[in-house]
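Structural characterization, general
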Amino acid sequence: MTQALTQPTPAHEDLAIEVKGMHKWYDEFHVLKDINLTVKRKERIIICGPSGCGKSTLIRCLNRLEVHQRGEIRIDGIELNDDLKHIEKIRRDIGMVFQQFNLFPHLTVMENCCLAPIWVLKEPRREAEETAMRYLERVKIPDQADKYPGQLSGGQQQRVAIARSLCMNPNIMLFDEPTSALDPEMIKEVLDVMVDLANEGMTMLCVTHEMGFAKTVADRVIFMDSGEIIEENNPESFFSNPQSDRTKLFLSQIL
Amino acid sequence: MLVHTPHPNLPPPSTSVGVIGWARKNLFSTPFNSALTLCALYIVVRFLPPVINWAFLDANWAGSTRDACTDGGACWVFVKVRLTQFMFGFYPADQYWRVILAFGLLGVLIAWLLLEKTPKKSWVAAFTILIYPIIAFILFYGGLGLPVVETNRWGGLMLTLILATIGMFFALPFGIILAMGRRSTMPIPRALSVVFIELWRGVPLITVLFMSSVMLPLFMPEDLRIDKLVRALIGISLFQSAYMAEVIRGGLQALPKGQSEAADALGLSYWQAMFLIILPQALKTVIPGIVNTFIELFKDTTLVLIIGLMDLLSIVQSAFSDPKWLGFSVEGYVFAGLVYWIFCFSMSRYSQHLEKKLHTGHKR
């Protein structure tokens with residue numbers, strides 16, 4: 001996996017995500033500074049760092065929930081810019097799971113899962129429901145399909161959110177602190193689903209503090225602080241032999 | 001192995017349930033509440049019987065002239081004799097069936113849409129929005145062989161209901177568009193919405209009505225004459241849509257940002273996100289506010305009296321000056337108040353039912 005870092009420029013088709021010299025400001029505040037990142041297909045990347053370091057902002061820039069002001073982002077070769085067609089294509093290609101789940105509370109679990117396939121991909125309802133049921137089975141909650149999100153536990157809700165994203169059949173999945181809002185007892189059930197997903201070869205970018213998860217599935221760990229990528233390495237080297245002092249301090253505090 | 005068995009659930013203490021529990025909790029929870037309960041009880045005992053005596057026991061129901069009213073109670077004969085006028089204004093009596101048919105049809109359509117488990121709701125909704133207004137116009141005004149009844153002969157409850165229904169019909173969609181405009185990131189729609197809302201909210205309805213009936217014709221070309229009722233309707237609709245917009249904006253703002261982000265991340269377009277995710281939730285949150293605006297609109301229609309339209313209240317008032325029926329204004333006002341109350345209370349009850357029906361979270 002370290003080859004990814006040393007290889008000069010990998011062939012275009014192999015790249016899922018390509019970020020070059022990307023900057024972002026919130027008004028005066030320089031939140032992302034000169035971000036360079038390439039993610040190959042099927043690569044699993046964990047992004048960690050202290051709160052406010054810009055890690056969530058980084059992955060939110062990848063599907064245009066946040067707008068970057070300078071630099072270039074390419075997803076599957078498509079450049080992310082003001083062109084609505086590009087944004088539309090990229091958003092179909094990327095699934096996202098949020099810290100607060102963001103399920104639609106006025107729709108049942110099944111309707112949550114079918115909504116985008118029906119309206120965006122124009123799938124027939126029956127087909128969309130079959131797909132949804134398959135994914136709900138995969139996240140182990142097919143029996144909750146007719147309930148509303150408000151009737152489920154946090155862990156169940158987050159698994160529905162993962163199934164909802166998978167229903168769009170994305171090539172890339174972004175996870176924005178998927179377990180941070182969960183009770184300790186429920187973290188494992190969500191991580192299990194994510195490990196399954198990783199083992200099946202999904203390209204994943206995950207912002208998380210679950211270092212155990214990082215060790216199990218990650219191909220690469222990225223450490224960020226104050227808007228910059230400080231260090232990136234494979235998990236073994238990252239945890240056993242961190243290079244920068246900032247990383248050492250961070251690891252000593254959370255492990 | 002140590003197995004934890006939970007304690008069995010015990011019944012609650014007998015003083016906290018049943019009639020005694022209820023009374024303790026709701027009527028006599030503190031000394032102050034006990035005093036208030038006793039005061040309220042005194043007021044009910046002291047004032048309710050006279051009201052019941054006046055309105056029912058001593059009231060006069062039979063007869064057709066004021067001589068029938070001899071018992072000292074309310075003289076409902078006055079209302080009975082005048083009832084058709086209170087309902088239809090000066091609409092020709094042989095054409096009443098048209099009004100009854102139009103409202104009856106509307107009632108059936110609305111019941112169809114509001115009741116659960118009626119089939120083909122979307123077709124009925126389309127019919128109500130697109131075709132029914134044409135049918136209603138022909139029935140009320142005339143055409144297709146029906147004799148024309150000019151709007152100055154419309155009046156009473158019929159006029160009140162027409163004003164209120166059309167006002168609501170336009171105020172809600174306009175309000176939604178204005179609220180979306182005001183929340184938009186595009187500068188021109190936002191500026192237009194803000195100016196519109198602030199302009200209409202800044203003037204009293206009575207001024208709007210007065211302007212529409214007195215000032216507007218002065219500025220308009222001689223040959224372009226818009227009916228007074230239509231002008232009042234436009235005024236009421238635009239005025240109430242500004243209020244509606246602010247109510248709905250409250251609902252849009254109360255929605256967590258994550259909802260629109262999730263919709264974006266799934267690839268839904270702005271309009272899809274708006275109609276499938278944002279508006280259903282925002283409108284549900286502000287049902288009390290929307291119904292409040294509807295009720296206000298319903299009662300504000302009484303202000304059309306200022307421009308000489310004979311709605312229910314003004315036609316009741318004009319009946320007081322009939323020399324044959326002098327001195328029965330209390331009965332008239334009580335009757336008009338009761339009619340307004342029935343309509344407003346029904347709207348309020350329906351909104352409560354709707355809130356319960358649309359509730360999808362944990363029941364508390």
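The rules behind these values
Residues numbered from 1 in each chain as written. Chains lettered and ligands numbered in written order. Predicted model: local features only at pLDDT ≥ 70, side-chain atom pairs only at ≥ 80, totals over all residues. Heavy atoms only, no water. Helix = DSSP H or I, 4+ residues; strand = E, 2+ residues; numbered from the N terminus. Rg over C-alpha atoms; globule rule 2.2 N^0.38 Å. Buried < 20%, exposed > 50% of the residue type's maximum accessible area, 1.4 Å probe, protein only. Contact = heavy atoms within 4.5 Å. Areas by Shrake-Rupley, 256 points an atom, 1.4 Å probe, with all protein chains shown as cover. Lys, Arg positive; Asp, Glu negative; His and termini not counted. Charge placed at Lys NZ, Arg CZ, Asp CG, Glu CD. Core = buried A, V, L, I, M, F, W, Y, C linked by side-chain atoms within 4.5 Å. Domains from an automatic or database assignment. Buried area = accessible area lost by both parts, 1.4 Å probe. Salt bridge = Lys/Arg side-chain N within 4 Å of Asp/Glu carboxyl O. Polar contact = N/O pair within 3.5 Å; in protein donor to acceptor, adjacent residues only side chain to side chain. Nonpolar A, V, L, I, M, F, W, Y, C, P; charged D, E, K, R; others polar. Pairing = 2+ DSSP bridges. Right-handed = clockwise from strand over helix to strand, strands pointing away. Axes fitted to C-alpha atoms, helices over the stretch in contact; angles between N-to-C directions.

1. Observations concerning the overall build of chain B
Of the regular secondary structure elements, chain B holds 14 helices and zero strands. Along the chain direction, N to C, the helices and strands of chain B fall in the order α-α-α-α-α-α-α-α-α-α-α-α-α-α. On C-alpha atoms alone, chain B measures out to a radius of gyration of 26 Å, which is more than a quarter above the 21 Å that the 2.2 N^0.38 rule sets for 364 residues. Considered along the principal axes of its C-alpha atoms, chain B spans approximately 95 × 60 × 45 Å. In chain B, which comprises 364 residues, the share counted as buried stands at 38%. Here the analysis covers contacts within chain B between residues at least 6 apart in sequence; of these, 65% occur between residues at least 24 apart. Total accessible area on chain B stands at roughly 21,600 Å², and carbon and sulfur atoms take up 71% of it. Side-chain charges in chain B split into 28 positive and 19 negative, and the spacing between the mean points of these groups amounts to 10 Å.

2. Regarding the nonpolar core
Counting residues in hydrophobic clusters, the biggest one holds 127 residues, and the most contacted among them are Ile-17, Ile-47, Leu-62 and Leu-205 of chain A together with Phe-86, Trp-154 and Ile-277 of chain B. With 13 residues, the single largest contributor to this core is helix H6 (residues 156-183) of chain B. Shared between two domains, this core takes at least three residues from each, and those domains are domain 1 (89-149) and domain 2 (160-313) of chain B. In contact with Phe-86 of chain B, other than residues within four places in its own chain, are Phe-78, Val-79, Gly-156, Leu-157, Leu-312, Ile-315, Val-316, Ala-319 and Phe-335 of chain B. Formed by 49 residues, the second largest nonpolar core is a distinct cluster that contains Met-173, Phe-175, Ala-214 and Val-217 of chain A.

3. Some details on the domain arrangement of chain B
All names here are of chain B. Once the domains are mapped, chain B shows domain 1 (89-149) and domain 2 (160-313). Summarising the inter-unit geometry, the C-alpha centres of domain 1 and domain 2 are found 24 Å apart. Residue-level contacts link five residues of domain 1 with five residues of domain 2. In total, domain 1 and domain 2 occlude about 390 Å² of area from one another, counting both sides; carbon and sulfur atoms represent 94% of this.

4. Points about the interface of chain B and chain A
Often, the extent of an interface is quoted as the loss of accessible area on bringing the components together. Counting residues at the interface gives 19 residues for chain B, matched by 23 residues for chain A. The junction of chain B with chain A conceals about 1,900 Å² of combined surface from both sides, 63% of it contributed by carbon and sulfur atoms. Of all residues in chain B, Ala-265, Leu-266 and Thr-360 of chain B bury the most surface against chain A, accounting for 32% of the area lost on that side. Applying the counting criterion to the chain B and chain A interface returns one salt bridge. Here Glu-261 of chain B makes a salt bridge to Arg-60 of chain A, at a shortest N to O gap of 2.6 Å. At the junction of chain B and chain A, the tally comes to six residue pairs in polar contact (both at pLDDT 80 or more). Mapped by element, the contributors of at least two residues to the side of chain B that touches chain A are helix H10 (257-265) and helix H11 (270-285) of chain B. Here the side of chain B that touches chain A takes eight residues from H10 of chain B, the largest share from any one element. Looking at the side of chain B that touches chain A residue by residue, the classes come out as eight nonpolar, eight polar and three charged.

5. Structural notes on H10 of chain B
The periodicity of an α-helix, 3.6 residues per turn, causes residues three or four places apart in sequence to face the same way. Those residues of H10 of chain B that fall on the buried side of the exposure criterion are Gly-258, Gln-259, Glu-261, Ala-262, Ala-263 and Ala-265 of chain B. Residues of H10 of chain B that are buried in the fold lie against helix H2 (55-62), helix H3 (84-93), strand S6 (94-97) and helix H6 (154-166) of chain A together with H11 of chain B. A positive backbone phi angle near 90 degrees is found at Gly-267 of chain B, which sits one or two residues after H10 of chain B.

6. Details of the pairing of strand S8 (residues 203-207) of chain A
Residues and elements named next belong to chain A. By the criterion of burial, S8 is predominantly enclosed, with five of the five residues buried. Side chains of S8 alternate between two faces, with Thr-203, Leu-205 and Val-207 and Met-204 and Cys-206 buried alike. Two elements, strand S3 (residues 44-48) and S8, share four bridges in a ladder whose sense is parallel. When the sheet's bridge partners are listed, Ile-45 is paired in S8 with Leu-205. Bridge analysis of strand S7 (residues 172-176) against S8 gives five bridges, and the strand direction is parallel. Bridging from a neighbouring strand, Met-173 pairs with Met-204 of S8. In this fold, S7 hands off to helix H7 (residues 184-199), which returns the chain to S8; that crossover is right-handed.

7. A few points about the pairing of strand S9 (residues 220-225) of chain A
Residues and elements named next belong to chain A. The buried fraction of S9 is high, at six of six residues. Neither face of S9 is left uncovered, since the one carrying Arg-220, Ile-222 and Met-224 and the one carrying Val-221, Phe-223 and Asp-225 both have all their residues buried. The sheet contact formed by S3 and S9 spans four bridges and is parallel. Along S9, the bridge assignment pairs Cys-48 with Phe-223. Sheet topology note: the S9/strand S10 (residues 228-233) ladder contains five bridges and is antiparallel.

8. Thoughts on the sheet that holds S7 of chain A
Residues and elements named next belong to chain A. Spatially, the six strands line up as an open sheet ordered S6-S7-S8-S3-S9-S10, and their pairing is mixed. The two strands at the open ends of the sheet, each matched to only one other strand, are S6 and S10. Sheet twist, expressed as the average angle between the axes of neighbouring strands with direction ignored, equals 20 degrees. Summarising the sheet, S6 and S7 pair through four bridges and their orientation is parallel. In the strand pairing of S7, Val-97 is matched with Phe-175. Helix H10 (residues 245-254) contacts S3, S9 and S10 of the sheet and is inclined by roughly 100 degrees relative to S9.

9. A short note on the side chain of Arg-98 of chain B
Residues and elements named next belong to chain B. Tracing the backbone shows Arg-98 in helix H4 (residues 96-114). Despite its burial, Arg-98 pairs with no opposite charge, the nearest such side chain being Asp-94 at 7.6 Å. Here Arg-98 is in contact with Tyr-91, Ile-138, Leu-139, Phe-140, Tyr-141, Gly-142, Leu-146, Pro-147 and Val-149, once residues within four sequence places are set aside.

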